[in-house]
Amino acid sequence: MSVRTLPLLFLNLGGEMLYILDQRLRAQNIPGDKARKDEWTEVDRKRVLNDIISTMFNRKFMEELFKPQELYSKKALRTVYNRLAHASIMRLNQASMDKVSTFLKDKVQNSNGRFVLPVSGPLPWGTEVPGLIRMFNNKGEEVKKIEFKHGGNYVTAPKEGSFELYGDRVLKLGTNMYSVNQPVETHMSRGSKNLASRTQENIAPNPLAKEELNLLARLMGGMEIKKPSGPEPGFRLNLFTTDEEEEQAALTRPEELSYEVINIQATQDEQRNEELARIMGEFEILDQPKQSASKGDDLLAMMDEL
Amino acid sequence: MFRRERSISLRGSAAALCNNLSVLQLPAHNLTYFGVVHGPSAQILSAAPEGVPLAQRHLHAKEGAGVSPSLITQVHWCVLPFRVLLVLTSHRGIQMYESDGSIMVYWHALDSGDASPVQAVFARGIAASGHFICVGTWSGRVLVFDIPAKGPNIVLSEELAGHQTAVTDIATEPAQGQDCVADMVTADDSGLLCVWRSRPEFTLLIRIPGFGVPCPSVQLWQGIVAASYGNGQVRLYEATTGTLHVQINAHARAICALDLAPEAGKGTWTGHCSLYISCQDVWTPILPPCFF
């Protein structure tokens, strides 16, 4: 509808992307001289962010962005961010741009997707506290005042936010909601308890996706599956913090991201072991940029942490 | 007071637009029609008493020459002396249907001639006044259509100038004798209200200035203008003089709709923060004419 909305949308989403990247790269912060070849240093982090920011605020691009135009489609905007994120040495995987569960963690959103609107807190600048009726006569003099209960608990805004280039905005909009390391409040559902507590301990995880997958494959290959006696044969792996999150992610997963399910039977059968070895070989990540092979792999799992 | 009735499910979402619910009561047929817009379509639902849904229909905005689909801004039933028409306003123009949405009887394309490239062009704000239908536009102009007793011979009879910014809502009430001359009020994005009379011809009576916030929704009843504003306030003015008589700090966020139950003499309004407030206390002191 509006032909002036695209810059707002682009800058907001782009800004959020920068906050996320900054936070995840900081989690990897290792002093330059002690870093291994595959670890991210402070210098790397600054370089990645510098590359992306300079691409984002490139003069020509800004001029193009601010021209009055219709909003891009979701797909088109997604492509723009993909290109933007890859303007640096960093590589991201597809899934990392899909899932954001911060709202769920912060209780801003319910698990059914609905947003929680608080009935307390500061009011927008210019709005008075609800609950007052004032009556005036023909001369404009106030003749009566009535108060009524409205069930909320609001306070007026302390001051108007600054519109200058630098200033106190008063609001939290546009600030970094990833900067504080908040404790992950998990709903302790059956089966995911161990996983949840492990995540809470690992504030700075060391995600080497390849090694994790290798370990998994080793475990699965060496395991003997007994005849199913109980209700749940084998084990169920949940890569999310809680079962609810897994369901939520499944619901919000876009159609385009197709994936194949490979059934792996980890028995002692020789033939099956060959099959397994072949599949393990397929776990190799093919698309590796020449500049930083292993750093790109790290980012896969890093973005999945979000 | 008010009693909550059984809920009716819509077969789709409702757009986050102001005044996005229109209701037509047909007591003779024991029917109630509901209209809601979302994107390029409008959903028309008919329900029996007790909220039993009967039929649903989707109406679509008429496509224009452009690539992007037209979005509907509002749907509203206009009750005229001899007929009821369903009016749809969109970014391309104005569509008028028979009351059940079955046949389109009239199409008016908006003239975007003097709009700058950055300006969104649309129609918004619909009300019936006698045998006229008034529709607001993006420029502030109000289009007045002359509606015959039956048939599709609808004519654009005049354009009213009074607003400088896009019209948000129009409210009318039947003129009652000489005392209540004002029978139409229009509101716009700047918060300005224009009060008009329709007989013998459309005339601007008075302007009620805004105070820096939009007025998305307005009602007119017994010579009283009820206007809801973007800062959560509801204000009641005397229509003929524009005098402010009541100011209510009703909501914590912008109010998106304001409605009136004329027989009961009461109003309700809904705000963005979803608080429900009864205004019974408010209307009672206003009713006796000697208050003014």
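Quantities reported herein were computed from a predicted structural model and do not represent experimental measurements.

A. Region of interest: the packing of helix α1 (residues 6-27) of chain A against helix α4 (residues 74-85) of chain A. Residues and elements named next belong to chain A. Between α1 and α4, the least distance of the axes is 11 Å, while the angle of their chain directions is 45°. Regarding the angle of α1 to α4, the classification is oblique. Here α1 runs over α4; the crossing is right-handed. Residues L6, L9, F10, L13, G14 and M17 of α1 form the contact with α4, whose participating residues are L77, V80, Y81, L84 and A85. Partitioned by chemical class, the residues of the contact of α1 with α4 number 10 nonpolar, one polar and no charged.

B. Fine view of the interface of chain A and chain B. Facing the 25 residues of chain A at the interface are 29 residues of chain B. Buried area between chain A and chain B, both sides added, is near 2400 Å², and the carbon and sulfur share of it is 60%. Where chain A touches chain B, the interface holds zero salt bridges. At the boundary of chain A with chain B, the tally comes to seven residue pairs in polar contact (both at pLDDT 80 or more). Counting residues per element, the side of chain A that touches chain B draws most heavily on strand β2 (residues 132-136) of chain A, at five residues. For the side of chain A that touches chain B, the per-class residue count stands at 15 nonpolar, six polar and four charged. Note that β2 of chain A and strand β20 (residues 244-249) of chain B share four bridges and pair antiparallel. When the sheet's bridge partners are listed, R134 of chain A is paired in β20 of chain B with Q247 of chain B.

C. Examining the pairing of β20 of chain B more closely. Residue and element names in this part refer to chain B. Burial runs high along β20: five of the six residues are buried. Examined bridge by bridge, strand β19 (residues 233-238) and β20 share five bridges and lie antiparallel to one another. Bridge assignment links Q233 to a residue of β20, and that residue is N249. Hairpin connection between β19 and β20: a loop of five residues separates the two successive antiparallel strands, and G242 in this loop has a positive phi of roughly 80°.

The rules behind these values
Residues numbered from 1 in each chain as written. Chains lettered and ligands numbered in written order. Predicted model: local features only at pLDDT ≥ 70, side-chain atom pairs only at ≥ 80, totals over all residues. Heavy atoms only, no water. Axes fitted to C-alpha atoms, helices over the stretch in contact; angles between N-to-C directions. Helix = DSSP H or I, 4+ residues; strand = E, 2+ residues; numbered from the N terminus. Parallel < 35°, antiparallel > 145°, perpendicular 65-115°, else oblique. Left-handed = near helix turned anticlockwise from the far one by under 90°. Contact = heavy atoms within 4.5 Å. Nonpolar A, V, L, I, M, F, W, Y, C, P; charged D, E, K, R; others polar. Buried area = accessible area lost by both parts, 1.4 Å probe. Salt bridge = Lys/Arg side-chain N within 4 Å of Asp/Glu carboxyl O. Polar contact = N/O pair within 3.5 Å; in protein donor to acceptor, adjacent residues only side chain to side chain. Pairing = 2+ DSSP bridges. Buried < 20%, exposed > 50% of the residue type's maximum accessible area, 1.4 Å probe, protein only.

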